[in-house]
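So the chains spell out like this:
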Amino acid sequence: MKRQGARLAAFRSVIFYAGFGVVTPVFALLVLLFWPLPYGLRESTARVWCRCVLAWLRLTCGVRHRVVGRENLPDNPAVILSNHQSTWETIAFRTIFPARLSWIIKRSLFRIPFYGWSLKALEEIGIDRDAGREALRQIEQAGSRHLAAGRWVVVFPEGTRMAPDQSGRYGQGGARLANAAGVPVVPVALDSGRCWPNDDWRKYPGTITMEIGPVIETEGRSTAEVNRMTRDWIEAARGRMSVQAGRVDQVSGDTDREPGVSTRAPERETESRQEPSRASRSSAMPVHFGMIPDYAPLPPIGIGASMSIRPRASLILPARSNSLSSRLTTSRAVPSSTARS
């Protein structure tokens, strides 16, 4: 069933990429043609492209999304600090947040044909991530100009895409920008990596959850404090999403999903996790299996299969080893008794 689900996901993903490859150059060319025209026209064109991609993704791959906390958005521009798991958020944010978004991105993305060129036309903020303090200065200066012009600025403080079960170091560039510009921070948490994995070209059906947190005011707070508050809220929200995603998978009986994405554990593993204490769980199964968080997606097929088998084998090996040792003891006892007789 899992392989059938993986093949179906691959088939649907091929259809998605075919449509994506057709529509993206068209809209990129439109954005480039509109370069001499006002910025609002270029961004409106980009928003239409984002809506088309999300609709096509829902139609072909069954990937939907829901947004929680829209009421937390302030009336004036702010710095959006979000965790980063896939390409999905770089598309969806333009359809969710107010108009006139600016992104802090890697400067190397500008070199990607069509897509990168359109990013340049949309006046995104490109930085050299290897520049150290110079990169922070670039974020602060360019970001402050965009905020003063009435644009919202999006920053991924982890700096790169992370798997749903992983969390990176939160850089202080976004919090520093908010402090320098005197604007609040809007924390955002999402779990897009469950349906659009970073390490798998296939897309898997499901509902991506995106939660917008309460505004974090920067006035009277240091950059480190703002960054810590943002990180704490995002990580707590990610934990809630992981628990909820696991419950949905269990209720829906999602056994066809590829092991690299599903958060649903095999039945024997789930039963073992319902034991009363962490100590009893760790003693009942190998450490390398018991240490996997409950919200972690299982590894790809080759590794996932071996890990799903090893705990079961380890649970019965002691019984086999005991019966084997008893047979060896009996066999050794027979010659000794014969020798004495």
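Fair warning: this is a prediction, and the values are worked out from it, not measured in the lab.

Asker: Quick question: what am I supposed to make of the overall build of the protein here?
Answerer: Counting its regular elements, the protein contains eleven helices and seven strands. For the protein, the proportion of its 341 residues judged to be buried stands at 43%. Of the contacts made within the protein by residues no fewer than 6 positions apart, 73% connect residues no fewer than 24 positions apart. Accessible surface, the protein as shown: approximately 17,600 Å² in total, 57% of it carbon and sulfur.

Asker: What's the story with the side chain of Asn227 in this structure? I'm lost.
Answerer: With respect to the helices, strands and loops of the structure, Asn227 is situated in helix 7 (residues 223-252). A distance of 3.2 Å separates a polar side-chain atom of Asn227 from the backbone oxygen of Tyr170.

Asker: Just to check I follow, could you spell out the sheet that holds strand 6 (residues 185-190) for this structure?
Answerer: Neighbouring strands of a sheet are bound in pairs by backbone hydrogen bonds; such pairs are parallel or else antiparallel. With mixed pairing, the seven strands of this open sheet are ordered in space as 1-7-6-2-5-3-4. The open sheet has two edge strands, strand 1 (63-68) and strand 4 (125-127), and neither has a second partner. Within the sheet, the average angular offset between the axes of one strand and its neighbour, ignoring direction, is 25 degrees. Note that strand 3 (residues 101-106) and strand 4 share three bridges and pair parallel. When the bridges of strand 4 are listed, Ile105 appears paired with Gly126. Sitting on the sheet, helix 3 (residues 88-96) touches strand 1, strand 2 (79-82), strand 3, strand 5 (152-155), strand 6 and strand 7 (206-212), and the angle it makes with strand 3 is about 165 degrees. Against the sheet, helix 6 (residues 173-181) engages strand 2, strand 5 and strand 6, with an angle of about 165 degrees to strand 2.

Asker: I would appreciate a short explanation of the confidence of the model for the protein in the present structure.
Answerer: Interpreting fine coordinate detail is not advised for predicted regions of low pLDDT. When pLDDT is averaged across the protein, the result is 78; 71% of the residues are at 70 or more. Note on residues 255-341: pLDDT under 50 across the span, and 85 contacts to partners over four residues away in sequence or across chains.

Asker: Explain the environment of Ala224 here, please?
Answerer: Of note, Ala224 is situated in helix 7. Here the alpha-carbon distance between Ala224 and Gln172, two residues 52 residues apart in the chain, equals 7.0 Å.

Asker: Where do I start with the nonpolar core in this structure?
Answerer: Here is a general trend for soluble globular proteins: nonpolar side chains tend to be buried in one another's company. Judged by nonpolar contacts, the single largest core of 34 residues is most densely connected at Ile80, Trp88, Phe93, Phe97 and Met210. Only helix 1 (2-33), helix 2 (39-61), helix 3, strand 3, strand 5, strand 6 and strand 7 provide two or more residues apiece to this core. No other element matches helix 2, which puts six residues into this core. Excluding anything up to four places from it in sequence, Ile80 contacts Phe93, Phe97, Leu101, Trp152, Val153, Val154, Val155, Val186 and Val188.

Asker: Could you clarify how one ought to interpret the side chain of Arg238 in this entry?
Answerer: Within the secondary structure, Arg238 is located in helix 7. Among the residues examined, Arg238 registers a relative accessible area of 9% and is labelled buried. Here Gln166 takes part through its backbone oxygen, which lies 3.1 Å from a polar atom of the side chain of Arg238. The contacts of Arg238, once residues within four sequence positions are left out, are Asn83, Gln85, Ala163, Pro164, Asp165, Gln166, Ser167, Ala189 and Leu190.

Asker: Looking at this structure, I do not really get the pattern of salt bridges. What am I missing?
Answerer: As a working rule, side chains carrying opposite charge can pair if their charged atoms are close by. Under the counting rule described, the total for this entry stands at 13 salt bridges. One salt bridge connects Glu43 with Arg94, and the closest N-O pair in it is separated by 3.1 Å. Of this pair, Glu43 sits in helix 2 while Arg94 sits in helix 3; the two residues are 51 residues apart in sequence, bridging distant segments of the chain. The two residues Glu43 and Arg94 agree in class, both being buried. Through salt bridges with shared partners, one network takes in Glu43, Arg47, Arg94 and Glu124.

Asker: Please explain the state of the cysteines as it appears in this structure.
Answerer: By the definition in use, this model includes zero disulfides. The thiol of Cys50 is not disulfide-bonded; the next cysteine sulfur, from Cys52, is found 9.2 Å away. Its sulfur unpaired, Cys195 is 9.9 Å from the next cysteine sulfur, which belongs to Cys61.

Cut-off values and rules
- Residues numbered from 1 in each chain as written.
- Predicted model: local features only at pLDDT ≥ 70, side-chain atom pairs only at ≥ 80, totals over all residues.
- Heavy atoms only, no water.
- Helix = DSSP H or I, 4+ residues; strand = E, 2+ residues; numbered from the N terminus.
- Buried < 20%, exposed > 50% of the residue type's maximum accessible area, 1.4 Å probe, protein only.
- Contact = heavy atoms within 4.5 Å.
- Areas by Shrake-Rupley, 256 points an atom, 1.4 Å probe, with all protein chains shown as cover.
- Polar contact = N/O pair within 3.5 Å; in protein donor to acceptor, adjacent residues only side chain to side chain.
- Pairing = 2+ DSSP bridges.
- Axes fitted to C-alpha atoms, helices over the stretch in contact; angles between N-to-C directions.
- pLDDT = per-residue confidence, 0-100.
- Core = buried A, V, L, I, M, F, W, Y, C linked by side-chain atoms within 4.5 Å.
- Salt bridge = Lys/Arg side-chain N within 4 Å of Asp/Glu carboxyl O.
- Disulfide = S-S within 2.5 Å.

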